[in-house]
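Observations on chain architecture
Chain residues, written in single-letter form:
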Amino acid sequence: GAKWSYNGPDGEHNWSCNYPFCGGAFQSPIDFQTHLLRYDSNLPPIQVQNYNLSTNEQLTLSNNGHSVQLSLPSHMYISSLPHKYSAAQLHFHWGSSNQLTGSEHTVNGKQFAGEMHVVHFNSDKYPNISMAVDKHDGLAVLGVFIAIGEFNPAFEKFFKYLNGIKYRDQKIQVPAFNIHALLPSHLDEYYRYDGSLTTPPCYPSVLWTVFRRPVTISQKQFLALATALYASYAQESATVPLHGNYRKPQLADNRVVLVSFKD
Ligand SMILES: NS(=O)(=O)c1c(F)c(F)c(S(=O)(=O)CCO)c(N[C@H]2CCc3ccccc32)c1F
Ligand SMILES: [Zn+2]
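Residues numbered from 1 in each chain as written. Chains lettered and ligands numbered in written order. Predicted model: local features only at pLDDT ≥ 70, side-chain atom pairs only at ≥ 80, totals over all residues. Heavy atoms only, no water.

Moving on, we get to the site of ligand 1. Lining the immediate surroundings of ligand 1 are 13 residues, of which Asn64, His93, Leu197, Thr198 and Thr199 lie closest. In this structure, Gln89 approaches ligand 1 through a side-chain N or O atom, which is 3.4 Å from an oxygen atom. When ligand 1 sits alone it has 560 Å² of accessible area, and the protein chains cover 83% of it. Listing elements by their share of the shell around ligand 1, those giving two or more residues are strand E7 (85–94) and strand E10 (114–122). Per-element tally for the shell around ligand 1: the top contributor is E7, with three residues. Class assignment of the residues belonging to the shell around ligand 1 gives a composition of four nonpolar, eight polar and one charged. (Near = heavy atom within 4 Å. Polar contact = N/O pair within 3.5 Å; in protein donor to acceptor, adjacent residues only side chain to side chain. Areas by Shrake-Rupley, 256 points an atom, 1.4 Å probe, with all protein chains shown as cover. Helix = DSSP H or I, 4+ residues; strand = E, 2+ residues; numbered from the N terminus. Nonpolar A, V, L, I, M, F, W, Y, C, P; charged D, E, K, R; others polar.)

Following this line, the structure appears as structure tokens:
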């Protein structure tokens, strides 16, 4: 599809020129404002299966020019939703080395340093993510806020390889590890709403689950993520740093955000 970026002429204000859904309804991310929230006691704790991958499995770590993504095997899945949602990939959104504001979702206007998304597709109804990505019940994404704090050994399992994928379309194989360790504590506390992909083509196909609690990574780990990657190809002379890859909050319109916690 047509190229897009997070700033300049191909930036988010022009995405809808080539990607009409980006100008449509049910867009993500949104700001979780207290007055939009409604407690729902029927929201069960998120349960995931087979996230504890064995180290003799290998995952593909790649720089797709928009984010760093880790491929995930489809035997990993979410079991607590109305349909089975199998894992496809996880990726990140972040600010820049001196901007600890790179999350997509925000809480009463507060932006976290970054955000991780674990993308799943409805494998009860669709054979793969490409068939699911534009269907209203196609995707379920788990969102995890990233804050600066303690060093995080789980993130280090692949952060240490970032220098192998500095440029767009570079990819390497990394040993698999326990993906559950990337999730925050308290999987029973989350925001839930119907939204979209936060990148073109912005299909309104995502059941969003954003956990209330952030995970932490160290300042050094964040700097590695924020400074290691380029959106440009290795052979290009003009390098384009890959940072600030987050979409601004979209209009909630009259969407209600359900929360699984009372406070
Ligand atoms: N924030 S988000 O969760 O909406 C989201 C992204 F932010 C993002 F960057 C990507 S991507 O594939 O890395 C690059 C552009 O699609 C995807 N990729 C998804 C969407 C389309 C697709 C197809 C195959 C595999 C993954 C994806 C995504 F779902
Ligand atoms: Zn994302």
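After presenting the structure, the write-up continues.
Interpretation of this model should avoid reading the predicted coordinates in detail wherever pLDDT is low. Here the chain averages 97 in pLDDT, and 100% of its residues register 70 or above. Confidence, read as mean pLDDT per element, is least for helix H3 (residues 153–159) in the chain (96) and greatest for E10 (99). Both scores are given for the predicted complex: the pTM is 0.98, the ipTM 0.94. (pLDDT = per-residue confidence, 0-100.)

What follows is about the environment of Val215. Tracing the chain through its elements places Val215 in strand E15 (residues 215–217). Measuring from C-alpha to C-alpha, the distance between Val215 and Gly149 comes to 8.7 Å, with 66 residues separating the pair along the chain. Not counting chain neighbours up to four residues away, the residues in contact with Val215 comprise Val144, Phe145, Ile146, Ala147, Asn152, Phe155, Leu182, Leu183 and Pro184. (Contact = heavy atoms within 4.5 Å.)

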